[in-house]
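A look at the structure
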Amino acid sequence: MSLAEYQKKRKFDETPEPTGEKDVGKKRPKLKTGKNLRYVVQKHKASQLHYDFRLELDGVLKSWAVPKGPSLDPKEKRLAMMVEDHPLDYMNFEGVIPKGNYGAGEVIVWDHGLYHSPDAADEPEANKRKLRAGLRQGRLDFVMLGKKLKGRFTLVKMNRKYDERGDSWLLMKYEDGYATTLPVTKDRSSVISDKKL
Ligand code: MN
């Protein structure tokens, strides 16, 4: 997976976003266990407010823009547009992308934590294999162990008949002990600072 598209879209002498050229693997959460990978959800007040949903896999953050944000209600299907892979150190990015730059506006780290494939036992390689297959096949099931997002979720690629560009997915919560109709996006706070957005 390549960060070429990510880098092409950005002017790094203007934006405070990471260039993706240095490896900052040191910032891994202490909770990390064998099968788990990291995720981040950033709230981004660009020209259109959205949430950036990013899952670590194979050295990058696979990324989707979710206009309404995630929901813990299994009845809600949230549109998630797949966007370019982001560098791993984007996980810690909070700040303001200056006017005139790609994605100009404020970004906070709205949630973060670990995730894994639901049936990956404790085997890291099997976990990654299942996640890669899910991405390829357009049905990605995973368990989130975050501060706000918890339990089992799925990302399902929309049928091409209804999706000309081929980058539309739906993000949904599974029915489990973490499912609730309370809107999780009511919480506007960052999980790494005092910021609210
Ligand atoms: Mn964004």
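Notes on the structure follow.

Cut-offs and rules
Residues numbered from 1 in each chain as written. Predicted model: local features only at pLDDT ≥ 70, side-chain atom pairs only at ≥ 80, totals over all residues. Heavy atoms only, no water. Helix = DSSP H or I, 4+ residues; strand = E, 2+ residues; numbered from the N terminus. Rg over C-alpha atoms; globule rule 2.2 N^0.38 Å. Buried < 20%, exposed > 50% of the residue type's maximum accessible area, 1.4 Å probe, protein only. Contact = heavy atoms within 4.5 Å. Lys, Arg positive; Asp, Glu negative; His and termini not counted. Charge placed at Lys NZ, Arg CZ, Asp CG, Glu CD. Pairing = 2+ DSSP bridges. Core = buried A, V, L, I, M, F, W, Y, C linked by side-chain atoms within 4.5 Å. Salt bridge = Lys/Arg side-chain N within 4 Å of Asp/Glu carboxyl O.

A separate point is the overall build of the protein chain. Scanning the protein chain from N- to C-terminus turns up 2 helices and 9 strands. Moving toward the C terminus, one meets the helices and strands of the protein chain in the order α-β-β-β-β-β-β-α-β-β-β. Radius of gyration (C-alpha) of the protein chain: 16 Å, near the 16 Å computed for a compact globule of 197 residues. Principal-axis analysis of the C-alpha atoms places the extent of the protein chain at approximately 45 × 40 × 35 Å. Per-residue burial over the protein chain gives 49% buried out of 197 residues. Here the contacts in the protein chain between residues at least 6 apart in sequence split such that 62% fall between residues at least 24 apart. Taking the 40 positively charged and 29 negatively charged side chains of the protein chain as two groups, their mean positions are separated by 2 Å.

When you tally the buried positions in strand S3 (residues 60-66), you get 7 out of 7 residues, the bulk of the element. Judged by which residues are buried, S3 turns out to be covered on both faces: Val60, Lys62, Trp64 and Val66 on one side and Leu61, Ser63 and Ala65 on the other are all buried. Inspection of the sheet shows strand S2 (residues 49-57) paired to S3 by 7 bridges, in the antiparallel sense. In the strand pairing of S3, Leu57 is matched with Val60. Where S2 folds back on S3, the antiparallel hairpin that results is connected by 2 residues, among which Asp58 adopts a positive phi of roughly 50°. Judged from the 5 bridges that link them, S3 and strand S4 (residues 78-87) form a sheet pairing that is antiparallel. Counted as the bridge partner of Trp64 is Met82 from S4.

Time to look at the nonpolar core. Phe53, Leu55, Trp64, Phe142, Leu149 and Leu155 are the most contacted members of the largest nonpolar core, which has 24 residues in total. Those elements that place two or more of their residues in this core are strand S1 (37-45), S2, S3, strand S6 (105-116), helix H2 (124-137), strand S7 (139-146), strand S8 (150-157) and strand S9 (168-173). Ranked by residues supplied to this core, first place goes to S2 with 4 residues. With near-sequence residues (within four places) excluded, Leu155 lies in contact with Phe53, Leu55, Trp64, Ala80, Gly138, Arg139, Leu140, Phe142, Trp169, Leu170 and Leu171. Residues Val60, Tyr90, Met91 and Val107 belong to the second largest nonpolar core, which totals 13 residues.

Another aspect to go through is the pattern of salt bridges. For the structure on display, the rule yields 16 salt bridges. One salt bridge in this structure joins Lys9 and Glu84, with 3.0 Å as the shortest N-O distance. Here Glu84 lies in strand S4 and Lys9 lies in the loop between helix H1 (4-8) and S1, a separation of 75 residues in the sequence. The exposure class of Lys9 is partly exposed, given its relative accessible area of 31%. The salt bridge involving Glu56 is made with Arg38; its shortest N-O contact spans 3.1 Å. In this pair, Glu56 is assigned in strand S2 and Arg38 in strand S1, connecting sequence segments 18 residues apart. As far as burial versus exposure is concerned, Glu56 and Arg38 are alike and both buried. Each of the salt bridges in this network shares a partner with another, and the network as a whole consists of Glu5, Lys9, Arg10, Glu17 and Glu84.

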